[in-house]
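Structure assessment
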4 protein chains.
Amino acid sequence: MPAKKPTAEDQTNESSLGGAIDAIMAAVEQEEGAMTDKKRRIVEAAIHCFAENGYAATATNTIARRAGVAEGTIFRHFETKKDLLIRLVRPLFSPSLLPLVAKELRTETERADGDLRTLMCTILANRLAFADRFAPLVRILIQEMRFHAELREAVAENFPVGLQIAADTVLKPYIASGQIRAVEPALFLRSVISLLVGYYVIRTEVLPAQEWDDEAEIGRIVDLMLDGLRPR
Amino acid sequence: MPAKKPTAEDQTNESSLGGAIDAIMAAVEQEEGAMTDKKRRIVEAAIHCFAENGYAATATNTIARRAGVAEGTIFRHFETKKDLLIRLVRPLFSPSLLPLVAKELRTETERADGDLRTLMCTILANRLAFADRFAPLVRILIQEMRFHAELREAVAENFPVGLQIAADTVLKPYIASGQIRAVEPALFLRSVISLLVGYYVIRTEVLPAQEWDDEAEIGRIVDLMLDGLRPR
Amino acid sequence: MPAKKPTAEDQTNESSLGGAIDAIMAAVEQEEGAMTDKKRRIVEAAIHCFAENGYAATATNTIARRAGVAEGTIFRHFETKKDLLIRLVRPLFSPSLLPLVAKELRTETERADGDLRTLMCTILANRLAFADRFAPLVRILIQEMRFHAELREAVAENFPVGLQIAADTVLKPYIASGQIRAVEPALFLRSVISLLVGYYVIRTEVLPAQEWDDEAEIGRIVDLMLDGLRPR
Amino acid sequence: MPAKKPTAEDQTNESSLGGAIDAIMAAVEQEEGAMTDKKRRIVEAAIHCFAENGYAATATNTIARRAGVAEGTIFRHFETKKDLLIRLVRPLFSPSLLPLVAKELRTETERADGDLRTLMCTILANRLAFADRFAPLVRILIQEMRFHAELREAVAENFPVGLQIAADTVLKPYIASGQIRAVEPALFLRSVISLLVGYYVIRTEVLPAQEWDDEAEIGRIVDLMLDGLRPR
DNA sequence: CATGAATGAGAATTCATTCAT
DNA sequence: TATGAATGAATTCTCATTCAT
């Protein structure tokens, strides 16, 4: 018995991904169709490994061990290692995901009932929740985008759509009603995203040990965006 | 050596590092001491390769070929591939670099002569120039930080110092004089950095093909920061 | 599988291990469990190479070529080159081997029926046969012991047991019956082993070209041991 | 300053060779002629390293560091690594060494004045002293002989001479005078050497921690040789 | 579907040796 | 004589992928 037979035990369930994995697996399943148990475990393990060590530094052998399957099994389900990467990230651009976000946005807008501050807080909070839910996938996407044209293209295709939706839904009505100055939509979006991403990175990567009160922090960010640094 | 704004051309041809490399090499040389010609070429090639393809996906053999040296020569100068990575990035935390930035900040503050908007624009412009000058190193640092504890530690050690300097030099005097509302320094810094980084990424990574007018964009960012979205 | 006396011919042609290899492979198989054909061939080739050129001077690539397998295959079955070495030598300390020797000793003792000379001749002859049978492994063990703590430990663990058995089975009864002077067991054992090893080395390493009559030589050694140099 | 400059400090003077090194260096010097300080240190370091880790596992770089010289310096004094090995061991076969031993033997014989036991004890004690004095060289010789034809040839050329001397000086006269039975010289020599080597190995390699009383042990060995195991 | 032994190209690293200074 | 940077072939080990079972 030369090579140790991998077992499910080998899966180090240190689950640094938190409950996120369930939402992700659901999204992946929607893309991939029905999955056998082994395939599901491969996907899960690959997300773990890619997110933690990066694509290039992850051996298929490592994924197999973590998934508790034979190395060959991976290649029964995914043509190549790269194919695995791409199909993992794909759900992020699922046609069912972006419209969902758009719909959420619209609902939030209606609920806020014209109160700009409430609206922005809700939007940011929801985006933050989304990021948390898909954190490992997003992390993989961001890490690997630079090195894989396929991923870049997927982003390029889908991102503008999201921006347009956001601009149309949020920005225009409020500029029209005079509650927001006439800023460029691109600047507005970039700024909101930058501030949110900045907070997200600090919270999860730079100072994860610290206690964070998302609601309060988002409130401060929104206030800064709305009122600026200068005293009124 | 003035910062050279990267353009789309740089993305495609072989030397995407542009003139930046000279400033970097000078900084590296200050850390490493006198370098033989071959060692210099190894450093240069490694920066290129790591920045373009990532650390894990770069073979030492590739670096050697690009540097025009034998593969063994790399290991005469750097104990391991990882050692090479770490010593490349080190100049970013050079004791001669951070104080320099601090000094620049002070000079800028004095020059602005109390005009907040001018000051912030100058600061952002200078930071942007710095990023451009050390772009490849910064890119390597950001890409690899997640995977190498040594890099994270170096950042953790040096970053807070920079923040403190910024807070003391810029924020406090202006809050004292009533030109800035009493916001938390952490929030202020995070926001400024987020907005600047967001712009930098968009400009160099997401839409490098577009023409960017740094001065104007920085002006808009500063206005947003100072006045907020709401009409005054 | 009777011991085959090595001759000068064996020294020069490729398979200097002669028929010994079969007995060895059986012992290795008992330790390693069922082995694939390729693994068996790796073991065989490694024994050959290590015995002939030493561990440090043997390239895994050489072993692979001799075994007719890909180099990678070696590392599928053995974690490192050193692991291969240690697992090769292990059968020499197999729990199934030492008791076997002890049992042989007892049988020999009984058969000799009190005749000391016959007994000692039988014992030496059997030990010589054992050495011949496992010659390559023994050679590897002796050559590499100095450089690998793991091997030394294995010897240190197992050797004393063998000595004790020998002392209890052979020496004590004969001292008790007055056929042997009251010598220290340690001295006795060391002497017998030294004389036998000395003969073995001369026969196989120093003067392998010469014809050796094992039975007669052992007789002379035993006579010397029993009667000494002085005329009686 | 990429590579650390080796200094004399790097010589780990844990001197496992004991005072032996002086006698050896004198012998080497007689072979090599006058030596520069650096060359002497190379020789010393090489003896250390080869004895401790074996020839194949010792890097010239390691020798250089231990000697506190540049790697290139080794090749100024010795054509190749193998040349270094061979010239190190050569003093063991120095024309000045073997006759010396022969002369010692004759002196010992005369002094013993016919008393066989005294003579043999003296001889063994002297041989043991010799082994101790040249231990590292002897160790290297024994370890590497199997792998280097040059060494084997040197042994083959010189060993028989020593045997002949021993036989003529010690054995023949005592057989003639009836103090020793008419045993084969070869058997006699082999036995004495085996017993002595056996003791030496046990004392220095197997149980070096134990306290050894050379004189007493040699006495026991000689008694065993002379009187045998059977009671008289 | 699943396995896991086998592959061989390629990875990082080592090392004896050369050579300009 | 001494240096140490440079070399490039060789070495140990890794890894994505294939394929017979």
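Within every chain, residues take consecutive numbers counted from 1 along the sequence as written. To label them, take the chains in the order written and letter them from A, then take the ligands in the order written and number them from 1. The predicted origin of the model limits local features to residues at a pLDDT of at least 70 and limits the giving and counting of side-chain atom pairs to 80 or more, whereas totals for whole chains, interfaces and linings rest on all residues. Derived side-chain values reflect all non-hydrogen atoms in the structure, with water molecules and hydrogen atoms excluded from consideration.

A separate point is the pattern of salt bridges. Every case where a carboxyl oxygen of Asp or Glu lies within 4 Å of a side-chain nitrogen of Lys or Arg is listed as a salt bridge. Following the criterion strictly, the structure yields 78 salt bridges over all chains and no others. Across the salt bridge formed by Asp83(B) and Arg87(B), the nearest N and O atoms sit 2.9 Å from each other. Of this pair, Asp83(B) and Arg87(B) both sit in helix α6 (residues 81–89), separated by four residues, roughly a single helical turn. Classification of Asp83(B) by relative accessible area gives buried; the value is 17%. Taking the shortest distance from any N to any O, the salt bridge between Arg203(D) and Asp214(D) comes out at 2.6 Å. With Arg203(D) in helix α10 (residues 185–206) and Asp214(D) in helix α11 (residues 214–227), the pair connects residues that are eleven residues apart, well separated along the chain. Of the residues examined, Asp214(D) reaches a relative accessible area of 26% and is grouped as partly exposed. The network of salt bridges with shared partners includes Glu32(A), Lys39(A), Asp83(A) and Arg87(A). Helix and strand assignments follow DSSP, with helices taken as H or I runs no shorter than four residues and strands as E runs no shorter than two, numbered in order from the N terminus. Think of it in three bands: residues with accessible area under 20% of the maximum for their type are buried, residues over 50% are exposed, and the middle band is partly exposed, with areas taken using a 1.4 Å probe on protein chains only.

A separate point is the protein's contact with DNA strand F. Close to DNA strand F lie 33 residues; Thr60(A), Thr73(B), His77(B), Lys38(D) and Thr73(D) are nearest. The nearness test applies per residue and asks whether one of its heavy atoms lies within 4 Å of the molecule or strand. Sugar and phosphate atoms represent 57% of those atoms of DNA strand F found within 4 Å of the protein. Contributions of two or more residues to the surface near DNA strand F are made by α4 (71–77) of chain A, α5 (71–77) of chain B, α5 (71–77) of chain C together with α4 (71–77) of chain D. The class makeup of the residues in the surface near DNA strand F is nine nonpolar, 15 polar and nine charged. Under the convention adopted here, Pro, Cys and the residues Ala, Val, Leu, Ile, Met, Phe, Trp and Tyr are nonpolar, Asp, Glu, Lys and Arg are charged, and Gly plus all remaining residues are polar.

Of all residues adjacent to DNA strand E, which total 35 residues, the nearest are Lys38(A), Thr73(A), Thr73(C), His77(C) and Thr60(D). For DNA strand E, the fraction of atoms within 4 Å of the protein that belong to sugar or phosphate moieties is 59%. Under this definition, polar contacts are N or O atom pairs within 3.5 Å; protein pairs additionally need one hydrogen-donor-capable and one acceptor-capable atom, and for neighbouring residues in sequence, both atoms have to be side-chain atoms. Contacts to DNA strand E include His77(A), whose side-chain N or O atom sits 2.8 Å from a phosphate oxygen. Contributions of two or more residues to the surface near DNA strand E are made by α4 of chain A, α4 (60–67) and α5 of chain B, α5 of chain C together with α4 of chain D. Residue classes in the surface near DNA strand E are distributed as nine nonpolar, 17 polar and nine charged.

Here we come to the relation of the copies chain A and chain B. To superpose the copies, least squares is applied to the C-alpha atoms of every residue with a pLDDT of at least 70 in both. When chain A is fitted onto chain B, the two copies agree to an RMSD of 0.2 Å after a turn of 180 degrees and an axial shift of 0.1 Å. Such a combination of rotation and displacement between the chain copies is what one expects of a two-fold axis. Considering only C-alpha atoms, the residue of chain A closest to the rotation axis is Gly228(A), which sits at 1.9 Å. Residues are treated as being in contact if the distance between any of their heavy atoms lies within 4.5 Å. Comparing contact sets, 100% of the residues at the interface of chain A also lie at the interface in chain B, consistent with an isologous, same-surface contact.

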